[in-house]
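This is what each chain is made of:
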Amino acid sequence: MAHIVIMGAGIGGMPAAYEMRDTLPKEHKVTVVSATEYFQFVPSNPWVAVGWRKRDDVILPIAPLLARKGIDFIGRPVTAIDAASNRITVDGGQSVDYDYLVIVTGPKLAFHEVPGAGPATSGGGGFTHSVCTVDHAEAFFADYQAFLQNPGHVVIGAMPGASCFGPAYEFAFILDADLRKKKLRHKVPITFVTSEPYIGHLGLGGVGDSKSLLESEFRNHDIKWITNAKTTKVEAGKLFATEMSDRGEPVKEHEIGFKLSMMLPAFKGVDAVAAVPELCNPRGFVLIDEHQRSKKYRNIFSAGVCVAIPPVEVTPVATGAPKTGYMIETMVSAIVHNIANELVGKPATAQATWNAICLADMGDTGAAFVALPQIPPRNVNWFKKGKWVHLAKIAFEKYFLRKMKTGSSEPAFEKYVLNAVGIARLVK
């Protein structure tokens with residue numbers, strides 16, 4: 001009997017647990033360890049931040065879901081990994097031995113890298129908000145209620161080193177739409193401040209017409225922007241950023257006043273993972289081979305935001321490459337098949353499909369992009385806007401949460417998102 005421990009219970013961890021349980025013979029044990037006792041559908045957080053969703057709409061209790069599938073659960077954070085002894089330690093001192101460890105923790109949010117950045121509860125200073133967690137989204141919504149009584153300038157964007165830019169664009173358009181519904185948009189100037197070299201870069205070097213389309217949308221929605229922005233610090237009501245040239249030289253210093261701000265942080269690996277000798281790169285992301293296996297430890301696999309993927313290109317201000325849901329799903333599936341092969345004495349052969357596919361809501365419309373593969377040159381390089389994306393994302397939210405409730409191991413992103421994109425391409 002083998003014991004497979006899955007570290008993390010998010011968009012990668014829960015599907016990994018379900019697929020692992022459905023794929024492996026019952027004599028093998030599967031345990032999920034998570035820092036929280038609930039699953040959160042992170043793509044819905046921008047909606048939570050403006051009150052279009054409530055917390056209970058987008059979270060699910062993990063323990064009963066896993067219990068129905070015969071999967072053990074420990075709802076405490078991992079404090080240490082002893083890779084040499086095949087053992088983890090969780091908060092409170094409990095030790096758990098494993099035969100295989102699957103790391104799908106997601107990131108550590110590196111607010112501390114910009115003084116004064118981050119929600120008050122993050123330890124980052126308390127002057128900007130985030131939509132990276134449902135807690136952060138709820139904190140924004142709480143301040144948003146007071147803001148609506150006395151509106152002012154809003155700053156939205158992404159810090160140096162950020163890699164997940166889509167939610168920043170989503171949030172800018174969702175906030176714009178909500179303010180228009182409330183007849184308050186004329187009282188709220190919005191500035192988008194991003195480390196990207198141009199609008200629509202997305203950490204991918206652009207996808208199709210993303211630059212021209214998103215710039216046009218910003219103009220049509222009266223959203224100003226600053227690109228190549230290296231945010232240096234945040235104070236109460238002020239964000240400081242150095243605008244860099246294409247050669248990486250400072251060209252302008254910005255001091256931007258705001259009444260409310262949502263700035264996405266750079267990511268790092270979580271502390272317990274980053275501390276394992278030779279497991280990670282300097283940012284704490286797991287170094288993996290083409291089979292999602294650690295380059296140092298043959299019984300450790302990893303998927304999702306916590307793996308090391310090089311930037312698509314060098315940019316004047318540091319940017320990272322995003323890991324979209326479809327990519328994460330294919331990574332997880334490869335891990336499951338490789339562990340299943342090894343347990344019967346076969347070599348690991350499965351590989352993930354590193355393609356970037358995304359549905360991004362824009363309030364009352366949306367944008368979809370497909371980059372196959374993620375790193376150019378690409379076989380498919382496609383970016384489109386339409387009401388159908390907004391509706392598709394709402395439908396996918398319901399579909400994915402139902403998948404989590406039922407314990408289905410079917411490939412949600414592949415089945416749903418690709419079908420939606422394929423249909424849209426035919427319609428267009």
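No experiment lies behind these values; they were computed from the predicted model shown. (Residues numbered from 1 in each chain as written. Predicted model: local features only at pLDDT ≥ 70, side-chain atom pairs only at ≥ 80, totals over all residues. Heavy atoms only, no water.)

Q: Help me understand helix α9 (residues 325-343), please; the structure alone is not making it clear to me.
A: Think of an α-helix as turning once every 3.6 residues; residues three or four places apart then point the same way. Between the first and last C-alpha of α9 there are 27 Å, a value that for 19 residues agrees with the 27 Å anticipated at 1.5 Å per step. Taking burial as the measure, the 19 residues of α9 include 14 buried ones, the bulk of the element. (Helix = DSSP H or I, 4+ residues; strand = E, 2+ residues; numbered from the N terminus. Expected span 1.5 Å × (residues − 1). Buried < 20%, exposed > 50% of the residue type's maximum accessible area, 1.4 Å probe, protein only.)

Q: Any chance you could explain helix α7 (residues 210-220) here in plain terms?
A: By the burial criterion, the buried members of α7 are Ser210, Leu213, Leu214, Glu215, Glu217 and Phe218. Elements in contact with the buried residues of α7: α6 (166-181), β12 (190-194), β13 (223-226) and β22 (380-385). Immediately downstream of α7, the backbone of Asp222 shows phi near 55°, a positive value. (Contact = heavy atoms within 4.5 Å.)

Q: Sorry if this is basic, but what is going on with the pairing of strand β14 (residues 229-235) here?
A: Each regular strand carries side chains that alternate between the two faces of the sheet. With six bridges joining them, β14 and strand β15 (residues 238-244) adopt antiparallel strand pairing. Following the sheet pairing, Glu235 is matched in β15 by Lys238. In sequence, β14 turns back onto β15 through a hairpin of two residues, with Gly237 there showing a positive phi of about 80°. (Pairing = 2+ DSSP bridges.)

Q: Would you explain the sheet that holds β22 in this entry?
A: Sheet strands pair via backbone hydrogen bonds, and the direction of the pair is either parallel or antiparallel. If you walk across this open sheet you meet the three strands as β20-β21-β22, and the pairing is antiparallel. Two strands in the sheet have a free side with no partner beyond their single neighbour: β20 (356-361) and β22. Ignoring strand direction, the axes of neighbouring strands in this sheet form an average angle of 5°. Examined bridge by bridge, strand β21 (residues 366-372) and β22 share six bridges and lie antiparallel to one another. Along β22, the bridge assignment pairs Ala367 with Lys385. (Axes fitted to C-alpha atoms, helices over the stretch in contact; angles between N-to-C directions.)

Q: Honestly, the environment of Lys230 in this entry has me stumped. Any pointers?
A: Tracing the backbone shows Lys230 in strand β14. Taking C-alpha positions, Lys230 is 45 Å from Arg21, a pair spaced 209 residues apart along the chain. If near-sequence neighbours (up to four positions away) are discounted, Lys230 is found in contact with Pro160, Phe240, Ala241, Thr242, Met244 and Val317.

Q: Could you clarify how one ought to interpret the packing of aromatic side chains in this entry?
A: The description of two aromatic rings rests on the distance between their centres and on the angle between their planes. For the structure on display, the rule yields 15 aromatic pairs. Ring centres of Phe173 and Phe218 lie 5.4 Å apart, and the angle between their planes is 45°; this geometry places the pair in the tilted category. Within this pair, whereas Phe173 is found in helix α6, its partner Phe218 is found in helix α7, the two being separated by 45 residues in sequence. Residue Phe173 shares its accessibility class with Phe218, and that shared class is buried. (Phe/Tyr/Trp six-rings, centres within 6.5 Å; stacked < 30°, edge-to-face > 60°.)

Q: Looking at this structure, how should I read the side chain of His390?
A: Following the sequence through the fold, His390 ends up in helix α10 (residues 387-406). Of the polar contacts made by the side chain of His390, one reaches the backbone oxygen of Gly363; its length is 3.3 Å. Among all residues touching His390, those that are not within four sequence positions of it are Asp361, Gly363, Asp364, Thr365 and Gly366. (Polar contact = N/O pair within 3.5 Å; in protein donor to acceptor, adjacent residues only side chain to side chain.)

Q: So what exactly am I meant to see when it comes to the packing of helix α1 (residues 13-23) against α10 here?
A: Relative orientation of the contacting elements α1 and α10 amounts to 45°, with a least axis distance of 10 Å. Between α1 and α10, the crossing angle belongs to the class labelled oblique. Regarding α1 and α10, the two cross each other, and that crossing is left-handed. Contact with α1, carried on its side by Met14, Pro15 and Tyr18, involves Phe400, Lys403 and Met404 of α10 and no other residues of that element. Its residues assigned to classes, the contact of α1 with α10 shows five nonpolar, no polar and one charged. (Parallel < 35°, antiparallel > 145°, perpendicular 65-115°, else oblique. Left-handed = near helix turned anticlockwise from the far one by under 90°. Nonpolar A, V, L, I, M, F, W, Y, C, P; charged D, E, K, R; others polar.)

Q: What am I meant to see in the nonpolar core here?
A: One broad trend across soluble globular proteins is that nonpolar side chains are buried collectively. Phe39, Ile81, Ile88 and Ile103 are the most contacted members of the largest nonpolar core, which has 130 residues in total. For this core, the leading source of residues is α9, giving nine residues. Setting aside anything within four residues of it in sequence, one finds Ile103 in contact with Met7, Ile81, Val273, Leu279, Val286, Ile300, Phe301, Ser302, Ala303 and Cys306. (Core = buried A, V, L, I, M, F, W, Y, C linked by side-chain atoms within 4.5 Å.)

Q: Would you mind going over the environment of Val114 with me for this structure?
A: Along the chain, the position of Val114 falls in the loop between β10 (108-109) and α5 (134-149). Spatially, the C-alpha atom of Val114 lies 5.9 Å from that of Thr232, the residues being 118 residues apart in sequence.

Q: Is there a simple way to think about the packing of α6 against α7 in this case?
A: Geometrically, a packed helix pair is captured by the angle between its two axes and the distance between the axes. Between α6 and α7, the shortest axis-to-axis distance is 12 Å and the interhelical angle comes to 25°. When the axis of α6 is compared with that of α7, the two are roughly parallel. The handedness of the crossing between α6 and α7 comes out as left-handed. Facing α6, whose interface residues are Tyr169, Phe173 and Arg180, α7 presents Leu214, Glu217, Phe218 and Asn220.

Q: Quick question: what am I supposed to make of the pairing of strand β17 (residues 260-264) here?
A: Counted residue by residue, β17 has five buried out of five residues, so it is predominantly covered. Neither face of β17 is exposed, since Leu260, Met262 and Leu264 on one face and Ser261 and Met263 on the opposite face are all buried. As judged from the five bridges shared by strand β11 (residues 154-158) and β17, these two strands associate in the parallel manner. By the bridge assignment, Ile156 is partnered in β17 with Met262.

Q: Looking at this structure, I do not really get the pattern of salt bridges. What am I missing?
A: Scanning all chains against the criterion turns up 22 salt bridges. Residues Arg53 and Glu397 are paired through a salt bridge, measuring 3.0 Å at the closest nitrogen-oxygen approach. Placement of the pair is Arg53 in the loop between α2 (45-49) and α3 (55-58) and Glu397 in helix α10, with a sequence separation of 344 residues. Exposure class is identical for Arg53 and Glu397. Each is buried. Through salt bridges with shared partners, one network takes in Arg55, Asp135 and Glu138. (Salt bridge = Lys/Arg side-chain N within 4 Å of Asp/Glu carboxyl O.)

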